Amino acid sequence: MTAVDVGIIGAGPAGIAAGIEAATAGCSVALFDGHLEPGGQLIKQIHRFFGSREHRAGVRGIRIAHELWTEAQSLGVQSFLGWEVFGVQSSPSGFRLHARLTDDMSVDDQPISKTVTARTLILATGAEEKAINFEGWTLPGVMGAGAAQTMANVWRVRPGESVLMIGAGNVGLIVSYHLLQAGIDVAAVLEAAPTIGGYGVHAAKISRAGIPILTSHSIIKALGTEHVTGALIAQVDPSWNPISGTERKIDVDSICIAGGLRSNTRLAKLAGCQLAFCRELGGWLPIHNAQLETTVKGIYVAGDAAGIEEASTAIEEGRIAGLVAARSLGRDDKASSDRLDGMKERLSSLRGGPFCEGIRVAKRRIFDLGEEPCPTA
Amino acid sequence: MSDGIAHDGVLSWQELEHSPGYPSRSRMLKGPVAVIECVQEIPCNPCEAACPFQAITVGEKITNVPRLNEAKCVGCGQCLTRCPGLAIFLVDMSSQDGSASLAFPYEYLPLPSVGEDVDAVDRSGCYACRGKVLSVQDPARNEGTAVIKIEIPEAYVHHVRGIARSGGPDE
C-alpha cells in the first residue's frame, strides 16, 4: 500500500498548487483526480485571467493549467489521474483513501481500485453547478453552462446552434463569450437581478458582440416536446415574479443555466468535517480556519471546495493548504513563514474591492467558526 | 442612453466621462492614444506592467481603476492584448481629414482582411458606420488576441468599439 505525507483530492488549480507547495517543502505527495486530464476547470478557460502578475494575469487559463502541472510533475508529485477517491477513513497513521479507476479507463489485468494512506489530507474537490428549475427544464437541450463550455472547449462539439444563457454572473458571461467564439449564436443573456453580477468588462464583450443582456428578466419555461425549440421569457419584478404581459418567445435550440456553483462536499462529509451554510460562498461548505484546516485535524480544504470563488484564489488557497500541511508534519523553516505571509497577502488583495465584499465577510465568519475548539475526531 | 455597464453591459457617457482611463479629445487629436474602458474596481492589473512608458497606473491596491497618463502614452498599443477584459482601445484623430482610426482587440475567427470594408459597431453591437480595415496584427506572441485597426469617420470615434462578427453557423 502506498503511503505518503500529503494526499490531495482534486487536480484543479487548488489541488495542483497544494501539491507544488507540499512537495517543495519536502513532503511526499499523492494527487488524485477522477478525470484523465489535469487542471480541473482550467482546461476549458480559454480566456485571459484577471488578477495580478503573481497570479499570471493576462495568461489564458488553459496555459496556467499546463504550467502548474509541469511544475508539480517536476517536483515529484505522484499523480493518480483517472482515479476517483470514493472513501476516506481515519487510520492510526492519518487517513486511508480508497480510489477506483473511473469508467472511461479500461486497462487489462490491472486492479481497478487502490488504497493509499496519507498523514494529512487536502480536499480540493471543486464545485458543482446549481440547477434552476422551470417548466421544461428536463428537456434535452437544457444544460449547465459548464457542460456547454466543456463540450465547446474540451471536446470541440457545438452544444447547439443557438443558445439562451440564464445568468449574467461571470460564468454566464464568460461561457457566452466562448460559445460566440465557437461560432454558436447566443440569443440573449438573462439575469433575474436588476444588475449584472459579473464584471462589466466581461459584459461589455457580450454587448459589443450585439448580444442583449436582459436584466430583470427570467425564463418562464422551455418550449418543445422532444427537445428544446425555444424559451418563453418575461420581465420580473424586484421579487423575481414574472410581470404579466411582458412574456415573449425566443427561438433557441439550447438553454444554458449559469445559476451559480456550490462546493463539492461529499468527501468532507464522509470524513466527518463539520459543514456550515454560507449563501455568499455558494451554500454548504466545510468549516475551516484561516490555515484552511477543517474541524477534523489533519484535513485541509482549498479552492471552490472551501467556498465558491475563482481560479486565482483557488491557487493561492491551495498553496496555503499545501504549505500548512507540510509544516504540520514538521517540514518547517523560517522561509516558510515568509512564504505563508506572502500567500495570505496575495489572497487578501485578490479579495479586495466591492465585488468581493460579501466573500470577505463570509470567509471571516467561516474562519471564526473554524477557530472554535475542534471536536475530537 | 443606457443606465450603465452594470445594467446592460454598455458603458454610459457619464461612466466614460468620469473614467480616469479615458483620454481627452485634445490628446486624441495629437496622435494614437490608449482608451481604457475599465470603470469597476476589480482585482486586476496587467495593463500597468504592459505599458513600457509607465502611462498606466493601478497602484498597490489591485482593485484600483486604471488611470491613464495621456501625456506619457505614445499609443504603442502594447496594453491592448494584455488586458484580460479586452477593454483597451487605441484612438487616433491626428489625420485632421475627417477620418480617425480605431484599434481594438479581436478574438473571433475569421479575421477580416486588410482593405476590407466592414460594419463598424458601437458598444451595444449596433451598426454605427462603415469602416475600412487598415491593419490586422495577429503575431504568435499575442496568443490569439488579434488587434484590428479600422478607419472610421471622425464623428464616430467615441461610439465605435468593434466590427460586426462574420462567420458563425448562418454564414
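Residues numbered from 1 in each chain as written. Chains lettered and ligands numbered in written order. Predicted model: local features only at pLDDT ≥ 70, side-chain atom pairs only at ≥ 80, totals over all residues. Heavy atoms only, no water.

A. Representation of unusual backbone geometry within the structure. Each neighbour pair has its own omega, and for L109 of chain B with P110 of chain B the value is -5°, a cis peptide bond. Structurally, P110 of chain B can be placed in the loop between β5 (99-106) and β6 (117-122). A positive phi is found at R56 of chain A, a non-glycine position, where the angle reads about 60°. Position of R56 of chain A among the secondary structure elements: in the loop between β2 (29-33) and α2 (61-74). A positive phi angle is found at L292 of chain A, which is not glycine, with a value near 70°. Take L292 of chain A: it is sitting in the loop between β18 (283-286) and β19 (299-301). (Helix = DSSP H or I, 4+ residues; strand = E, 2+ residues; numbered from the N terminus.)

B. Broad picture of the packing of helix α7 (residues 311-328) of chain A against helix α8 (residues 334-350) of chain A. All names here are of chain A. Two numbers describe how α7 lies on α8: the axes approach to 10 Å, and their chain directions differ by 155°. Taken together, the axes of α7 and α8 lie roughly antiparallel to each other. Relative to α8, α7 is oriented so that their crossing is left-handed. Two secondary-structure elements touch here, α7 through S312, T313, E316, E317, R319, I320, L323, V324 and R327 and α8 through S336, S337, R339, L340, M343, K344, R346, L347 and L350. Its residues assigned to classes, the contact of α7 with α8 comprises 7 nonpolar, 4 polar and 7 charged. (Axes fitted to C-alpha atoms, helices over the stretch in contact; angles between N-to-C directions. Parallel < 35°, antiparallel > 145°, perpendicular 65-115°, else oblique. Left-handed = near helix turned anticlockwise from the far one by under 90°. Contact = heavy atoms within 4.5 Å. Nonpolar A, V, L, I, M, F, W, Y, C, P; charged D, E, K, R; others polar.)

C. Representation of the interface of chain A and chain B. The partner chain B presents 40 residues to the 40 residues of chain A that form the contact. Each partner contributes to the roughly 3300 Å² buried at the junction of chain A and chain B, and carbon and sulfur atoms together form 52% of this total. Where chain A packs against chain B, one counts 2 salt bridges. Note that E143 of chain B and R63 of chain A form a salt bridge whose closest N and O atoms lie 2.2 Å from each other. The tally of links from chain A across to chain B stands at 20 residue pairs in polar contact (both at pLDDT 80 or more). Broken down by secondary-structure element, the contributors of at least two residues to the side of chain A that touches chain B are α4 (170-181), α5 (200-208), β11 (213-215) and α8 of chain A. When the residues that make up the side of chain A that touches chain B are grouped by side-chain class, the tally is 18 nonpolar, 13 polar and 9 charged. (Buried area = accessible area lost by both parts, 1.4 Å probe. Salt bridge = Lys/Arg side-chain N within 4 Å of Asp/Glu carboxyl O. Polar contact = N/O pair within 3.5 Å; in protein donor to acceptor, adjacent residues only side chain to side chain.)

D. Structural detail: the sheet that holds strand β8 (residues 142-144) of chain A. All names here are of chain A. Spatial ordering of the open sheet is given by β8-β15-β9-β10-β11, a layout of 5 strands whose pairing is parallel. Two strands in the sheet have a free side with no partner beyond their single neighbour: β8 and β11. Along the sheet, successive strands turn relative to each other by an average axial angle of 20°, direction set aside. For strand β9 (residues 162-166) and strand β10 (residues 185-191), the ladder comprises 5 bridges, and the chain directions are parallel. For V163, the partnering residue across the bridge sits in β10 and is V186. Relative to the sheet, α4 contacts β9, β10, β11 and β15 (254-257), its axis offset from that of β9 by approximately 170°. (Pairing = 2+ DSSP bridges.)

E. Seen up close, the state of the cysteines. Applying the stated criterion across every chain yields a total of 0 disulfides over all chains. Looking at C27 of chain A, it has no disulfide partner, and the nearest cysteine sulfur is the one in C273 of chain A, 19 Å off. Its sulfur unpaired, C76 of chain B is 5.9 Å from the next cysteine sulfur, which belongs to C51 of chain B. Owing to a relative accessible area of 39%, C76 of chain B belongs among the partly exposed residues under this scheme. (Disulfide = S-S within 2.5 Å. Buried < 20%, exposed > 50% of the residue type's maximum accessible area, 1.4 Å probe, protein only.)

F. The arrangement of the pattern of salt bridges in detail. Residues and elements named next belong to chain A. Per the counting criterion, the structure on display carries 24 salt bridges over all chains. E21 is paired through a salt bridge with R319; the nearest N and O atoms lie 2.8 Å apart. Placement of E21 in helix α1 (residues 13-24) and of R319 in helix α7 is noted, with a sequence separation of 298 residues between them. One exposure class covers both E21 and R319, and it is buried. A salt bridge links R351 to E309, with the shortest nitrogen-to-oxygen separation between them at 2.8 Å. Remark: E309 occurs in the loop between β19 and α7 and R351 occurs in the loop between α8 and α9 (357-371); sequence separation between them is 42 residues.

G. Main features of the pairing of β2 of chain A. Residues and elements named next belong to chain A. Across the 5 residues of β2, 5 count as buried, placing the element largely inside the fold. With burial as the criterion, each face of β2 is covered, one bearing V29, L31 and D33 and the other bearing A30 and F32. In this sheet, β2 lies alongside strand β1 (residues 2-9) in parallel orientation, the contact comprising 4 bridges. For I8, the partnering residue across the bridge sits in β2 and is L31. Handedness of the crossover joining β1 and β2 through α1: right-handed. (Right-handed = clockwise from strand over helix to strand, strands pointing away.)

H. Here's a closer look at the sheet that holds strand β12 (residues 217-223) of chain A. Residues and elements named next belong to chain A. One open sheet accounts for 3 strands, arranged β12-β13-β14; its pairing is antiparallel. Edge positions in the open sheet fall to β12 and β14 (248-250), since each of these has one partner strand only. On average, each strand axis in the sheet is tilted by 35° relative to the strand beside it, whichever way the strands run. Bridge analysis of β12 against strand β13 (residues 230-235) gives 6 bridges, and the strand direction is antiparallel. For H217, the partnering residue across the bridge sits in β13 and is Q235.

I. Spatial organisation of the nonpolar core. Among the nonpolar cores identified, the biggest contains 75 residues, and L179 of chain A together with I150 of chain B are the most heavily contacted of them. The residues contacting L179 of chain A, other than those within four sequence positions of it, are A148, A152, P159, V163, M165, I184, V186 and C256 of chain A. By size, the runner-up hydrophobic cluster in this structure holds 42 residues, among which are L42, I43, A124 and A326 of chain A. (Core = buried A, V, L, I, M, F, W, Y, C linked by side-chain atoms within 4.5 Å.)

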